[in-house]
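Chain by chain, the residues run as shown.
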Amino acid sequence: MAIELDKEKEKLGKATQKIEFKTGNEMAAQAAAQINYHVMGYFPITPSTEIAEFLDEMKARGEHDIVLIPADGEHGSAGICYGASTGGGRVFNATSANGFLYMLEQLPVQSGTRFPMVLNLVTRSVSGPLDIRGDHSDLYYALNVGWPILLARDPQAVYDMNIIATKLTEHPEVRLPVIVAFDGFFTSHQKRRVEYFADREVVQNFIGPIPEGFVHALDPKNPVTIGPYMNDPDYINNKYQQSLAMYRAGEVFQQLMAEWKEISGREYPVLDLYQMDDAEVAVFLLNSAAETAKDVVDKLRAKGIKAGVISPNIIRPFPAKEIAEALKHVKALVIGERADSFGGHGSNLTHEIKAALKDDKDNQTICISRIYGLGGKDFYADDAESFFNLALDAVDKGYAEKPFDYFGVTPGKKENAPKKILEPLKTEQLKTGLIQVTPDESTGKLNVKIPPLRALTGKPKRIAPGHGACPGCGIFPGLELFFKGIEGNIVTLFHTGCAMVTTTGYPYSSHKATYLHNLFQNGSATLSGLVEMFFERKRRGEIELPDDFTFVMITGDGGMDIGMGPAIGTALRNHKMIILEYDNEGYMNTGSQLSYSTPIGHMTSTSNIGEKQGGKPFHHKDTPQIMAATNIPYVFTGTEAFPQDLVKKAAKAQWYANNVGMVYGKILITCPLNWKSKEEEGTTIVEAAVNSCFFPLYEVEQGITTITYDPEEKGKRVPVSDWLKMLGKTKHLLKPEYEHYLKAFDEEVQRRWLRLKAKHENPVL
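Here is what the cut-offs are and how they apply
Residues numbered from 1 in each chain as written. Predicted model: local features only at pLDDT ≥ 70, side-chain atom pairs only at ≥ 80, totals over all residues. Heavy atoms only, no water. Helix = DSSP H or I, 4+ residues; strand = E, 2+ residues; numbered from the N terminus. Rg over C-alpha atoms; globule rule 2.2 N^0.38 Å. Buried < 20%, exposed > 50% of the residue type's maximum accessible area, 1.4 Å probe, protein only. Contact = heavy atoms within 4.5 Å. Lys, Arg positive; Asp, Glu negative; His and termini not counted. Charge placed at Lys NZ, Arg CZ, Asp CG, Glu CD. Pairing = 2+ DSSP bridges. Axes fitted to C-alpha atoms, helices over the stretch in contact; angles between N-to-C directions. Salt bridge = Lys/Arg side-chain N within 4 Å of Asp/Glu carboxyl O. Nonpolar A, V, L, I, M, F, W, Y, C, P; charged D, E, K, R; others polar. Arc of directions from axis to C-beta. Polar contact = N/O pair within 3.5 Å; in protein donor to acceptor, adjacent residues only side chain to side chain. Phe/Tyr/Trp six-rings, centres within 6.5 Å; stacked < 30°, edge-to-face > 60°. Lys NZ or Arg CZ within 6 Å of the ring centre and 35° of its normal. Disulfide = S-S within 2.5 Å.

Enquirer: Is there a simple way to explain the overall build of the chain in this structure?
Expert: Along its length, the chain carries 25 helices and 28 strands. A compact globule built from 765 residues would reach a C-alpha radius of gyration of about 27 Å, and the chain, at 29 Å, matches this within 12%. Overall, the C-alpha framework of the chain stretches about 90 × 65 × 55 Å when taken along its three principal axes. Looking at the 765 residues of the chain, the share that counts as buried comes to 55%. Within the chain, counting contacts between residues at least 6 apart in sequence, those at least 24 apart form 77% of the total. Taken together, the 83 basic and 95 acidic charged side chains of the chain have centroids lying 4 Å from each other.

Enquirer: Just to check I follow, could you spell out the sheet that holds strand β13 (residues 314-316) for this structure?
Expert: Here 7 strands make up an open sheet; going across it, the order is β4-β3-β5-β6-β8-β7-β13 and the pairing mixed. The sheet is open, and its two edges are formed by β4 (67-70) and β13, each paired on a single side. The mean angle between the axes of side-by-side strands here comes to 20 degrees, regardless of whether they run parallel or antiparallel. With 6 bridges connecting them, strand β6 (residues 118-123) and strand β8 (residues 178-183) associate as parallel partners. The residue bridging N120 from the neighbouring strand is V180, located in β8.

Enquirer: In this structure, what is going on with the pattern of salt bridges? I would like to understand it.
Expert: Taken as a whole and assessed by the stated rule, the structure comprises 42 salt bridges. With its nearest N and O atoms 3.2 Å apart, the salt bridge here joins E20 to K22. With its nearest N and O atoms 3.0 Å apart, the salt bridge here joins K191 to E26. Residue K191 is located in the loop between β8 and β9 (192-197), and its partner E26 is located in helix α2 (residues 24-35); the two are separated by 165 residues in the primary sequence.

Enquirer: When you look at the packing of helix α7 (residues 155-169) against helix α8 (residues 200-207) in this model, what are you seeing that I'm missing?
Expert: How two helices sit against one another is set out by the angle between their axes and by the gap between those axes. At a minimum axis separation of 9 Å, α7 and α8 run at an interaxial angle of 40 degrees. Residues Y159, I163, I164, T166 and K167 of α7 lie in contact with α8, whose contacting residues are V203, F206 and I207. Partitioning the contact of α7 with α8 into residue classes produces 6 nonpolar, 1 polar and 1 charged.

Enquirer: Looking at this model, I keep getting lost on unusual backbone geometry. Mind explaining?
Expert: Excluding glycine, most residues fall at negative phi; most peptide bonds, likewise, are trans. For the bond running from S127 to G128, omega is 5 degrees, close enough to zero to count as cis. Topologically, G128 is positioned in the loop between β6 and β7 (149-151). Its identity is not glycine, yet Q275 carries a phi of approximately 55 degrees, on the positive side. Here Q275 lies in the loop between β10 (271-274) and β11 (281-284).

Enquirer: Would you mind showing me how to read the pairing of strand β22 (residues 578-583) here?
Expert: For a regular strand, side-chain orientation follows a simple rule: the groups alternate between the two sheet faces. Summarising burial for β22: 6 of the 6 residues are buried, a large majority. Side chains I578, L580 and Y582 project from β22 onto one buried face, and the interleaved I579, E581 and D583 project onto a second face that is buried too. As defined by bridge partners, strand β21 (residues 550-556) adjoins β22 across 5 bridges and the pair is classed as parallel. Its bridge partner being in β22, G556 is matched across the sheet by Y582. For β22 and strand β26 (residues 663-668), the ladder comprises 6 bridges, and the chain directions are parallel. From the neighbouring strand, Y582 faces β26, where its bridge partner is I667.

Enquirer: Sorry, what's going on with the sheet that holds β22 here?
Expert: Strand-to-strand pairing in sheets goes through backbone hydrogen bonds, with the strands running parallel or antiparallel. Across the sheet, 8 strands lie side by side as β20-β19-β21-β22-β26-β25-β27-β28; this open sheet has mixed pairing. Edge positions in the sheet fall to β20 (514-518) and β28 (704-709), since each has one partner strand and no second. Within the sheet, the average angular offset between the axes of one strand and its neighbour, ignoring direction, is 20 degrees. Bridging between strand β19 (residues 490-495) and β21 involves 5 bridges; their strand directions are parallel. The partner of I490 across the bridge, within β21, is T550. Where helix α17 (residues 523-539) meets the sheet, its contacts fall on β19, β20, β21 and β22, and the angle it forms with β21 comes to roughly 175 degrees. Relative to β28, helix α25 (residues 739-761) is tilted by about 115 degrees, and along the sheet it contacts β27 (697-701) and β28.

Enquirer: What should I look at first to understand α8 in this one?
Expert: Every α-helical turn comprises 3.6 residues, leaving residues that sit three or four positions apart pointing alike. The complete set of buried residues in α8 reads V202, V203, F206 and I207. All buried residues of α8 project into a common sector of 130 degrees when viewed along the axis, lining one side. Against α2, α7, β9 and α9 (234-264) lie the buried residues of α8. For α8, the N-terminal capping position is held by D199, with its side-chain oxygen 2.9 Å away from the main-chain nitrogen of E201.

Enquirer: I would appreciate a short explanation of the packing of aromatic side chains in the present structure.
Expert: Per the stated rule, a full pass over the model turns up 26 aromatic pairs. Consider the rings of Y37 and F92, whose centres lie 5.0 Å apart with planes at 25 degrees: the pair is stacked. One end of the pair, Y37, is in the loop between α2 and β3 (39-42); the other, F92, is in strand β5 (residues 91-95), with 55 residues separating them in the sequence. Owing to a relative accessible area of 0%, F92 belongs among the buried residues under this scheme. A centroid spacing of 5.9 Å and a plane angle of 75 degrees characterise the contact between Y596 and F618, whose relative ring orientation is edge-to-face. With Y596 in the loop between β22 and β23 (609-610) and F618 in the loop between β24 (613-614) and α20 (623-628), this residue pair connects regions lying 22 residues apart in the sequence. One residue, R175, lies across the ring of F214, its end atom 6.0 Å from the ring centre. Looking at K576, its charged tip hangs above the ring of F535, at a distance of 5.6 Å from the centre.

Enquirer: Sorry, what's going on with the packing of α17 against helix α19 (residues 564-573) here?
Expert: At their nearest, the axes of α17 and α19 sit 7 Å apart, and the two run at 35 degrees to each other. Packed against α17, whose contacting residues are S524, A525 and S528, the element α19 presents P566, A567, T570 and R573 at the interface. Classifying every residue of the contact of α17 with α19 by side-chain character gives 3 nonpolar, 3 polar and 1 charged.

Enquirer: I keep staring at the state of the cysteines and nothing clicks. Help me out?
Expert: By definition, a disulfide links the sulfur atoms of two cysteines through a covalent bond. All chains considered together, the criterion is met by 0 disulfides. Looking at the unpaired C470, the closest cysteine sulfur is the one in C671, lying at 6.4 Å.

Enquirer: Is there a simple way to think about the environment of Y140 in this case?
Expert: Inspection of the secondary structure assignment puts Y140 in the loop between β6 and β7. Each C-alpha atom of the pair Y140 and E337 lies 9.9 Å from the other, and the pair is 197 residues apart in sequence. Once residues lying within four places of it in the same chain are set aside, the contact partners of Y140 are L286, E337, A339, S347, N348 and L349.

Listed below in structure tokens is the structure:
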């Protein structure tokens, strides 16, 4: 429950603030809502996703007017933000880890053309291998993109820094986009006591109106060219001006901080110095870890040891002068960094600190570099004390015994090596001969004969029990049913997603066949490279196998949004492989955000229900039709509710992938947790989706469309509303106030069904 701050601040002329316990992500959203940016382009990635979720909830309640644009990937979100910023308004975004790297190419474009915006970087480990916990390996990629970088050590600083960043980015002498970085999970998800202004007008008055005179793309009286082609010397002059603006940003930051202190009572100097006035040993740490080290300083000071902590509030521009001044009397400094610059004998900030000290001829500080906390490994008081002991040891010896090393690694032992638990599947177990696929020369299609399904139950599962999926998850029944139709050996590649995360928790794996992982946006390209390597090595006689592999990429959880471009490229090249998408209608692995496969009106964590909105505002993507337009030999849809249909299509998919080219299939699966449905009703729910014609069962074989199950002919068609009644995420659509969403959804389902029937009846369509 929020309470007003004590009256003391009001006596000092400060605006009224509230006290609450909130997370860093909540405070980023709070600041953004109060600033009331014009546009936010975003894409969900843990741990930054909550910021967009909170803002969507607030939008549904009418608490801000920000236009929230869900992109198809982080590269797209960065493009949305850049485009919006050229329009002269205020722009906001939030991302993490590989999402930040995916947008990296766009960031120098924005800083080089000098368009303001604010990006929250909720720091997280960069894959691979995949890890979603917090370190600074993404932040370090930001050091050279030309954006000023502010650091926020706690949720309070997240709020304050976002507001200051908005004024900084728009300052006429800066005009550079700004990053606010804070620690994933340590700061983003942990609640702390915070203060924020009760009246958003205080924030907006502090920021002020957008400065006049900025070049933008929406002035018909002044048409401009943005991002021209430049030759030398124009390009180097552009970069010189950008460099001057960056250093000026450091000076402006200090000015703005003084102004912020006046109205808030809080200040953020360039360096946060704790007990550094007479410190002889010190540690240098970014963000949340510095707070842990401060407690250790108090303990050491009680023993008579002159210890201190340095933590910057801004690292771009790098505060070299201030650091050199702070270290004048320090004998040894341990620089802890949550990211490595591989092969650099110390990470980035270590070398920048050393360079700053090199310019001070009188400084003799011994610098010790330690990489720590990667993958979110906790940093405890004992760890901070170990850092100080390293500094004390260096003071005693007069040098650092190990100037660079990792801290907190676990020595490996052969006896602790992971043991293989699953026995490899044997080809004879997988190649039953029970499924017969033969080409029909008269029709150009395949004839498939499958035995009764009970005859296939003895076929071993490709994925072992032991995965960590939610109760009732439809992924694994759907995948295993599909694999019943695949004969022989397979190699699978899984996109990041629920199916990947729940089956491969190191050091164990649920996969009985060779498995690869790559990120959403590049899975199909990765597998196509492996496919071509296989066939080329086979052609050269380097691989001898009695039977070929079938290569299958498994995607889902929105993977055919961010991965759509590479998938189309893979299809156009027609590699011999299968792309199988499990469609759970959202980004379920990151917390049920809307994807482009989410139907209109459906509730997700980024399409909330409220007075001002009623779920997702636009229609879902018809991925099978998109893939069919690439002219690949076989496209199909299926569900576990119609098992014979799916097994038959799997057999066809394998034949085409092994003999002709690429196959794409889409299977609808339930997600009880995020659909808010009953765990035991998965098959019933997807059957209703088929019978409502929302998810029709069909195939496109060599360009010819065939509906493989027609609920109208069977007399089983049901209204779309009958299916929606089964899902908690759509029950609001049955209320009068959301009737227009239901009507639009129903009409679109019917339109797509009639179009599909026309294709079924006319082979040339």
